[in-house]
Amino acid sequence: MATIDRRAQIVDEYETLEHQLADPEVLADPDQLRTVSKRYNELGPVVAKVRRYDERRGDADAARQMLDGSSGDERQMLVDEIETVAIELAALDVELRDMMIPKDPHDGRDVIVEIRGAEGGEEANLFARDLFEMYESYCATHRWKLETLSSSTSDMGGYNDITFVVHGDTAWRHLKFEGGPHRVQRVPVTESQGRIHTSSATVTVLPDVDEVDVDVDERDLEIDVYRSSGAGGQHVNTTDSAVRITHVPTGVVVTMQDERSQLQNRNRAMQVLRARLFERAEAERAAELSSERRAQVGGGGRSEKIRTYNYKENRVTDHRIGFTVYRLADILGGDLDIVVNALATEERTRLLAEGSIDDVGG
């Protein structure tokens, strides 16, 4: 088993914790007891699986030792036992590897997604709409609920930008891979000569967080209200319902105007602000998350991209893992799992190589 060293370390730690739970000093300290108990419970399922592995491996070793002096039915029984154990050990090995993969701390959270037309003028905005419709269909396939928080339409019906939240237990697990610049290569509707243009839109993916996850001091906020613009009928011309919140220490600005009431727009703006500040704090704590953020947002330029959608070749290529599939229409229609599953497999392989026993159990 490839994880023998880590397996032994986990068992040693578990047994140490077991002794600590019987220590009067630990039992008398509520904070220490809580910490030790939490870690003990996290490692318990892994240790149980390790012990089952060792037990079955011992059964196989014993059967092999008896094999030399056996014959007839007894020998066949031992051969069958060795083969059965080999199959079970292989399955246990896979299960242990999976249990040792560090868990994503955002798993189970809802997801906030922001899409913006980047480079390419109106064609970039039209592509931003295509991406939104792709995610809308993808969410419907998985039975997640998609709720639009704000949007700004362009002259030809595209999106200058659109922000939405996806509610679903497995939404983060799938959508977290979508953050970054997306590039499209096609003949725009505005092109009279039939030439292929390259445009881009940026997608930012953030975990939806609660107030307890990020502390926002009201004194750090500048809140402006103003008259909404765009679609909405007479209401937008007569009511100061739009809200712009500026987080002064970081300079993060969130604007909401799609709802009719100022309170609704303020609540939605705070929801997005918390998500951005939470992600920003994580990025500052971890260099890896910081690099992920830069990779997601980038400059929106044509040379920066995580994925290309090429209409002429009916091709979608994810450049992070060199994955290409010739099913453009299906993917834009919401059949995105073929790409997401490839990214998830690559992530699993990487985490298995990088994983630490400190991460077992989350």
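Residues numbered from 1 in each chain as written. Predicted model: local features only at pLDDT ≥ 70, side-chain atom pairs only at ≥ 80, totals over all residues. Heavy atoms only, no water.

Draft legend 1. Broad picture of the pairing of strand β3 (residues 159-167). As paired strands, strand β1 (residues 111-117) and β3 are joined by 6 bridges and run antiparallel to one another. Bridging across to β3, Ile115 finds its partner in Ile162. Pairing of strand β2 (residues 145-153) with β3, which is carried by 8 bridges, proceeds in the antiparallel orientation. Counted as the bridge partner of Glu147 is Val165 from β3. (Pairing = 2+ DSSP bridges. Helix = DSSP H or I, 4+ residues; strand = E, 2+ residues; numbered from the N terminus.)

Draft legend 2. Structural view of the packing of aromatic side chains. Considering all chains together, one arrives at 5 aromatic pairs under this definition. Between Tyr14 and Tyr40 the ring centres are 4.5 Å apart and the planes differ by 10 degrees, which places this aromatic pair in the stacked class. A residue pair is termed long-range when its members are at least 10 positions apart, and Tyr14 in helix α1 (residues 4-20) and Tyr40 in helix α3 (residues 30-67) qualify at 26 residues. There is no split in this pair, since Tyr14 and Tyr40 are both buried. A centroid spacing of 5.7 Å and a plane angle of 80 degrees characterise the contact between Phe132 and Tyr159, whose relative ring orientation is edge-to-face. Here Phe132, found in helix α5 (residues 122-142), pairs with Tyr159, found in strand β3; they are 27 residues apart in sequence, far enough to count as distant. (Phe/Tyr/Trp six-rings, centres within 6.5 Å; stacked < 30°, edge-to-face > 60°. Buried < 20%, exposed > 50% of the residue type's maximum accessible area, 1.4 Å probe, protein only.)

Draft legend 3. The sheet that holds strand β6 (residues 221-226), seen in detail. The strand order across the open sheet built from 3 strands is β6-β7-β8, with neighbouring strands paired in antiparallel fashion. Looking at strand neighbours, the two that pair on one side only are β6 and β8 (252-256), the edges of this open sheet. Strand-to-strand, the axes of this sheet are offset by a mean angle of 15 degrees, without reference to chain direction. Where strand β7 (residues 242-247) lies against β8, 5 bridges are found, and the strand directions are antiparallel. Each bridged residue has a counterpart across the sheet, and for Thr246 the counterpart in β8 is Val253. (Axes fitted to C-alpha atoms, helices over the stretch in contact; angles between N-to-C directions.)

Draft legend 4. Here's a closer look at the pairing of strand β5 (residues 197-207). In terms of burial, β5 is largely enclosed, as 9 of its 11 residues are buried. Pairing of β1 with β5 involves 7 bridges; the strand directions are antiparallel. Among the inter-strand pairings, Arg116 is bridged to a residue of β5, identified as Thr202. Strand direction decides the pairing type here: strand β4 (residues 180-186) and β5, joined by 7 bridges, are antiparallel. What sits directly across from Pro181, in β5, is Thr202.

Draft legend 5. A look at the side chain of Arg39. With respect to the helices, strands and loops of the structure, Arg39 is situated in helix α3. One polar contact links Arg39 to Glu13, side chain to side chain, over a distance of 2.9 Å. (Polar contact = N/O pair within 3.5 Å; in protein donor to acceptor, adjacent residues only side chain to side chain.)

Draft legend 6. The arrangement of the environment of Lys305 in detail. Its place among the elements puts Lys305 in the loop between α9 (287-297) and β9 (307-310). With 121 residues separating them along the chain, Lys305 and Val184 place their C-alpha atoms 9.9 Å apart. Residue contacts for Lys305: discarding those within four places in its chain leaves Pro181, Arg183 and His319. (Contact = heavy atoms within 4.5 Å.)

Draft legend 7. How the structure looks around the side chain of Thr317. Mapped onto the fold, Thr317 is located in strand β10 (residues 315-318). In this structure the side chain of Thr317 is engaged in a polar contact, spanning 2.8 Å, whose partner is the side chain of Arg315. With near-sequence residues (within four places) excluded, Thr317 lies in contact with Ile306, Arg307, Thr308, Phe323 and Thr324.

Draft legend 8. Up close: the sheet that holds β2. The mixed open sheet is built from 8 strands, whose spatial order is β2-β3-β1-β5-β4-β9-β10-β11. In this open sheet, the two strands that pair with only one neighbour each are β2 and β11 (323-325). Recorded for the sheet is a direction-independent mean angle of 15 degrees between the axes of neighbouring strands.

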